[in-house]
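One letter stands for each residue in the lines below.
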Amino acid sequence: MTTTPPPGQRVVQPEMGGVGAGVTGGGDVVTVAATLVSAAVIIAGLYYGQDVLIPLAFAFLIGFALNPPVMWLRRRGVPKVIAIVAVMTVVLVLLAGLFVVLGTQLRSLGEQLPTYQSTINSKFNDLKAQLRAPGIFDSALNAIASLQKEVEAVQGATAQRVEVVPAPGTQLQVALVWFGRALEPLATAGIVLVFVVLALLDRADLRDRLLRTLGGNLHRSTDAIEDAGRRISRYLLMQLVVNITFAIPLTLGLWLIGVPGAPLWGVVAAVLRFVPYVGALISAVFPLILAFAVDPGWHMVLWTLALIAGLELVSNNIVEPMLYGTTGLSAISLIAAATFWTALWGPVGLILSTPLTVCLLVLGKTLPQLQFLDTLLGSVPALSPATRIYQRLLANDVEEAIEIAEGEIEALSVVPFYDTVGIAVLRLASDDYGRQATAAHRLRVAEGMDALLEELRDEHPAAASMAPGPQVACIGGKWEIDAIAAEMLAHALALEGIAAQTRRVVHVTASSVARLDLDGVPVVCINYFSSEPDSAARQFCRRLRQRWPELQIVLVLWTVPPEALASDARKKIGADEIATSVAEVIGRVQRMLPEVAGEPATAEAPANDAERVAALHATDFLAESLRDDLDAIAKRAADAFDVDVAMISAIDADQEIVIGRSKELSGFGRDEAGRPILPRQAAICDHVVAGGETLVVADTERDARFTDNPVAKTWGLRFYAGAPLRSSDGFVLGALCILDAEARTLDERERVLLEKLAADAVETISRKQADRSSEQQAEKDSEAGAAVGQRVPE
């Protein structure tokens, strides 16, 4: 049986095997073999070169930790060599002081240990007595002991044990052995110290050489080095904070319990916790043993155990998740990395496992050849939420799909979930239709989506509408996926307070359309997932117009190329509006309903707008003398973001004043200083003032608020992004915005950069205002000084 795909989709047949397939398969085998051999060589090099690599790794790790204070000193005018010497001196003095404190505490404990001998002997005697008492395992233990004696007797009859005892060495030989054992870690520490100093001295040169080694895109390599440094430095800082916050309450708790040497065990815990997993266990052993030796009873041991367990629970469940979140590594990759590096380099590898794995993660994010490292090690989910839900539906695991959807809704709410995840699931199903999906897969997706939507409607019901009947009817254009999208859209509209219902039509015939029962319904939304819906949509719109001439039609095209969304596309098809997202449909439907039709889409003024306007006029925002400075900031923003226009605007009581711009703007009025002024009702920046946060409009033609905006129409704008200009007292006085004729968007880093430029503009205005105030005060002081000592005329 053959399946006809939706219009605009092509059935891809599997390729036939043959000579080409064999060559491709052979090439894949060679690639895999080469990859495995390369990995084996790298691992062998890491193992056999550990004597050199371990000091280098430690040196760079310490260099990451010490670079921030060195740079802090250098920014304050301290020469580089002096800054490095100062930081290294402070570190060495702190380490020496730490060893002195530890030595003092250990000597004090050593002097007190003989006093605890009787307590230890008493407890061991009690334990021996309890173990010698008859118990349920006595018979089994006796049987094992008798069997062991018989085995030893047989072995003694056949062979006699011989032990070779080496001759004792001279005192000089023993001293040399101990000196060699002590010299090895000291030599390693000295090598690490030298490497740290060299790394801090030649930091710029090392960075340049690393950039040359990475090669390729210089921008990408620079971002990778900055990312690695930021992650490792933050990890070390957070690890230090976690260890200190663990050691301080541990010290206080042990002191209150009465365990001797409480400061010593706090310091030991802070140091050993730098060793992942094992360090915390080792640091807990010492105070427990000492509590066992000091207290004749068991109360001190139990209280110490409860203290350590409680602190570990708080640290592991509250503090450490924040720490590991800074690295970008997943929990399982942290454990796997600890195992791998410990197997290679022993306990030292365990200490270095997290920073080294962070470097591998950054390489995976930077180099396309190593992208698999990002997938294996990163904390970012390997599959998007839409892909996860779609896969669960293919596997007929509807319950888990619903669980994933509920988790996303907790973070997004229902309507954004439909827009970003729900429609994406249907888009995946539409793309696979006729290519990879079988009949069973299609049926599972359809039934699973029905169950998921029913669950969401039950868990998130819409409030009862005040409308006498449905205001919107949502209809699937042709395929089952279209009908599911119509149900999703109807629920989203209902959650926004718009009474919406779904209608089903199997064939677009006159009789089928007549049975849709659209009398009294002002708006209809027709959904299509086809990439070429023109013919079917035109026929559907014509049938609806013939039956209900006053009906307003919104054509929702979920998968269409951009050229199909031209301004005259809706006229050719016969629809009143064309939309491509849930948010856009909601906005357009709200504009089409009779109670709001024809009203302009204006921003709601803040509640304290009068105070805000007064604050605007109390500053130098509107001063003409700042024009060149603000124009320069706008020009820099336009160049940095590669957009057509950047401007800085102030929102007055009834108008928007462009106080800085990257180029000349025409089409609107001018104030006395020649600056462009726009009506506040038309100002897109007024929405930034109303919301108080950065606003990004990816495409004004696809956002119902700005489709008919006169500013966008006059300047031919498709993209807008504006960051608020916030005064020191919290008022949003205007916005710094970037505009472009092409639709685009901003990622999170670009949003932060735009907000930084807006803060720079505010700082420039404040600085100029402070300078002007200082000059005015100086003039007043000068005039007052000139008047002192003059004779008062008669």
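Our structure is the block above this text.
On a predicted model such as this, the values are computed, not experimentally measured, just so you know. As a convention, each chain's residues are numbered from 1 in the sequence order in which they are written. Only residues with pLDDT of at least 70 are given local features in this predicted model, and only at 80 or more are side-chain atom pairs given and counted; all residues enter the totals for whole chains, interfaces and linings. Hydrogens and water molecules were not included; the side-chain quantities draw on all heavy atoms of the structure.

Undergrad: Provide a residue-level description of the overall build of the protein, including the pertinent values.
TA: Only DSSP runs of H or I reaching four residues or more are called helices, and only runs of E reaching two or more are called strands; each is numbered from the N terminus. Scanning the protein for helices and strands turns up 28 helices and 12 strands. Within the protein, the proportion of its 794 residues that are buried is 39%. The contact criterion used throughout is that any non-hydrogen atoms of two residues lie within 4.5 Å. A fraction of 69% describes how many contacts in the protein between residues 6 or more apart in sequence connect residues 24 or more apart. To be clear on the numbers: accessible area is Shrake-Rupley with a 1.4 Å probe, and residue cover counts the displayed protein chains and nothing else. In the structure as shown, the protein presents an accessible area of about 45,000 Å², 61% of it carried by carbon and sulfur atoms. Whether a residue is buried, partly exposed or exposed follows from its accessible area with a 1.4 Å probe, protein chains only, as a fraction of its type maximum: under 20%, in between, or over 50%, in that order.

Undergrad: Report on the sheet that holds strand 8 (residues 669-670), specifying residues and quantitative values.
TA: Two strands pair if DSSP finds at least two bridges between them. As summarised here, the arrangement of the seven strands in space is 8-9-7-6-12-11-10, forming an open sheet in which the pairing is antiparallel. Edge positions in the open sheet fall to strand 8 and strand 10 (695-697), since each of these has one partner strand only. Across the sheet, helix 24 (residues 609-618) is in contact with strand 6 (645-651) and strand 12 (732-740); its angle to strand 12 comes to roughly 80°. Helix 25 (residues 627-641) rests against strand 6, strand 7 (655-661) and strand 12 of the sheet, and its axis sits at about 80° to strand 7. Throughout, an axis means a line fitted to C-alpha atoms (over the contacting stretch in the case of helices), and angles, computed between N-to-C directions, take values from 0 to 180 degrees.

Undergrad: Outline the side chain of threonine 304, supporting the account with residue identities and numerical values.
TA: Inspection of the secondary structure puts threonine 304 in helix 11 (residues 299-325). Judged by its relative accessible area of 0%, threonine 304 falls in the buried class. Here a polar contact is recorded for every N or O atom pair within 3.5 Å, except that within protein the pair must consist of a potential hydrogen donor and a potential acceptor, and residues adjacent in sequence are included only if both atoms are side-chain atoms. There is a polar contact of 2.7 Å between the side chain of threonine 304 and the backbone oxygen of methionine 300.

Undergrad: Describe the packing of helix 8 (residues 218-257) against helix 13 (residues 347-366), and please don't skip the residues or the numbers.
TA: Viewed as axis vectors pointing N to C, helix 8 and helix 13 meet at an angle of 155°, and their least axial separation amounts to 9 Å. Between helix 8 and helix 13, the crossing angle belongs to the class labelled roughly antiparallel. When the axes of helix 8 and helix 13 are compared, the crossing they make is right-handed. Contacts from Arg220, Ser221, Ala224, Asp227, Ala228, Arg231, Ile232 and Tyr235 in helix 8 reach Thr354, Pro355, Val358, Cys359, Leu361, Val362, Lys365 and Thr366 in helix 13. Residue type decides the class: Asp, Glu, Lys and Arg count as charged, Ala, Val, Leu, Ile, Met, Phe, Trp, Tyr, Cys and Pro as nonpolar, and the leftover types, Gly among them, as polar. Residue classes in the contact of helix 8 with helix 13 are distributed as nine nonpolar, three polar and four charged. If an angle is under 35 degrees, it is roughly parallel; if it is over 145, roughly antiparallel; if it lies from 65 to 115, roughly perpendicular; otherwise it is oblique. Take the far helix as your reference; a near helix turned counterclockwise from it by less than a right angle gives a left-handed crossing, and one turned clockwise gives a right-handed crossing.

Undergrad: Could you give me a rundown of a positive patch on the surface, with the residues and numbers involved?
TA: Side chains of Arg74, Lys80, Arg203 and Arg207 sit close together on the surface and give a patch of like positive charge. Looking at where lysine 80 falls in the secondary structure, it is placed in helix 3 (residues 80-112). Judged by relative accessible area, which is 32%, lysine 80 ranks as partly exposed. Exposure above 30% relative accessible area and no salt bridge define the residues that can form patches, which grow by joining like charges within 9 Å and nonpolar side chains of Val, Leu, Ile, Met, Phe, Trp and Tyr within 5 Å. When a carboxyl oxygen of Asp or Glu is within 4 Å of a side-chain nitrogen of Lys or Arg, the pair counts as a salt bridge. Positive charges come from Lys and Arg, negative ones from Asp and Glu, while His and the chain ends are left out of the count. Each charge is placed at NZ for Lys, CZ for Arg, CG for Asp and CD for Glu.

Undergrad: Tell me about the pattern of salt bridges, and name the residues and values.
TA: Considering all chains together, one arrives at 20 salt bridges under this definition. Across the salt bridge formed by arginine 627 and aspartate 631, the nearest N and O atoms sit 3.9 Å from each other. Highlighted residues: arginine 627 and aspartate 631, both in helix 25, separated by four residues, approximately one helical turn. When its relative accessible area of 25% is taken as the criterion, arginine 627 is described as partly exposed. Notably, a salt bridge pairs lysine 756 with aspartate 760, separated by 3.4 Å at the nearest N-O pair. You can see lysine 756 and its partner aspartate 760 sitting in helix 28 (residues 748-787), four residues apart, about one turn around the helix. According to the relative accessible area criterion, aspartate 760 is partly exposed, its value standing at 24%. It is possible to trace a salt-bridge network through shared partners that takes in Arg457, Glu480, Glu487 and Arg504.

Undergrad: Let's hear about the nonpolar core: which residues, and what values?
TA: Only buried residues count toward a nonpolar core, which is a set of Ala, Val, Leu, Ile, Met, Phe, Trp, Tyr and Cys residues joined through side-chain atoms within 4.5 Å. In this structure, Ile389 and Val589 are the most contacted members of the largest nonpolar core, which totals 52 residues. It is helix 17 (residues 414-432) that contributes the most residues to this core, 10 residues altogether. Sequence-distant contacts of isoleucine 389, that is, excluding residues within four places in its chain, are made with Ala401, Ile404, Ala405, Phe417, Val421, Val425 and Leu452. If you look at the next biggest cluster of nonpolar residues, it comprises 33 residues, including Ile633, Phe641, Leu725 and Ile765.

Undergrad: Describe the state of the cysteines, naming the residues involved and giving the relevant values.
TA: Note on terminology: disulfide describes a covalent bond linking the sulfur atoms of two cysteines. The term disulfide is used for any two cysteine sulfur atoms that are within 2.5 Å. The final tally for this structure, using the stated rule, is zero disulfides. Cysteine 685 carries a free sulfur, and the closest cysteine sulfur to it, the one in cysteine 737, is 3.7 Å from it. By relative accessible area, cysteine 685 is classed as buried at 1%.

Undergrad: An account of the packing of aromatic side chains is requested, with residue identities and associated values reported.
TA: A pair of Phe, Tyr and Trp rings is counted when the ring centres sit within 6.5 Å of each other, with Trp represented by its six-membered ring. The angle between the planes then sorts it: under 30 degrees is stacked, over 60 is edge-to-face, the rest tilted. For the structure shown, the criterion picks out seven aromatic pairs. Ring geometry for tryptophan 341 versus tryptophan 345: centroids 5.3 Å apart, planes at 55°, classification tilted. Here tryptophan 345 and tryptophan 341 lie together in helix 12 (residues 331-345), a separation of four residues that amounts to about one turn. By relative accessible area, tryptophan 341 is classed as buried at 6%. Ring geometry for phenylalanine 417 versus tyrosine 418: centroids 5.9 Å apart, planes at 50°, classification tilted. An identical accessibility class is assigned to phenylalanine 417 and tyrosine 418; each is buried. Among the aromatic residues, those joined into a ring-pair cluster are Phe340, Trp341 and Trp345. Charges are assigned to positions over rings by a cutoff of 6 Å between ring centre and Lys NZ or Arg CZ, combined with an angular limit of 35 degrees from the ring normal. Over the aromatic face of tryptophan 548 sits the side chain of arginine 547, whose NZ or CZ is 5.7 Å from the ring centroid. Between arginine 744 and the ring centre of phenylalanine 719, over which it is positioned, the NZ or CZ distance is 5.3 Å.

Undergrad: Tell me about the pairing of strand 11 (residues 719-726), and name the residues and values.
TA: Among the eight residues in strand 11, seven count as buried, and that is most of the element. Bridging between strand 10 and strand 11 involves three bridges; their strand directions are antiparallel. Looking at strand 11, one finds that valine 697 is bridged to tyrosine 720. Of the pairings in the sheet, the one linking strand 11 to strand 12 comprises eight bridges and is antiparallel in character. From the neighbouring strand, phenylalanine 719 faces strand 12, where its bridge partner is aspartate 740. Counted along the chain from strand 11 to the antiparallel partner strand 12, the turn is five residues long, and its residue glycine 730 has a positive phi close to 95°.

Undergrad: Account for the environment of threonine 509, with residues named and values stated.
TA: Among the structural elements, threonine 509 can be located in the loop between strand 2 (500-503) and helix 20 (510-514). For threonine 509, a relative accessible area of 30% puts it in the partly exposed group. Through-space distance from the C-alpha of threonine 509 to that of arginine 543 is 7.6 Å; in sequence the pair is 34 residues apart. Polar contacts involving the side chain of threonine 509 include one to the side chain of serine 512, which spans 2.9 Å.

Undergrad: Now, about the sheet that holds strand 4 (residues 552-557): what can you tell me, with residues and values included?
TA: Sheet architecture is open: five strands sit in the order 2-1-3-4-5, paired in parallel fashion. Single-partner strands in this sheet number two, and they are strand 2 and strand 5 (577-579). The mean inter-strand angle of the sheet, taken between neighbouring strand axes irrespective of direction, is 25°. Strand direction decides the pairing type here: strand 4 and strand 5, joined by three bridges, are parallel. Opposite leucine 555, over in strand 5, you have isoleucine 578 as the bridge partner. Its contacts with the sheet put helix 23 (residues 582-592) on strand 1 (472-476), strand 3 (523-528), strand 4 and strand 5, and the angle it makes with strand 5 is roughly 155°.

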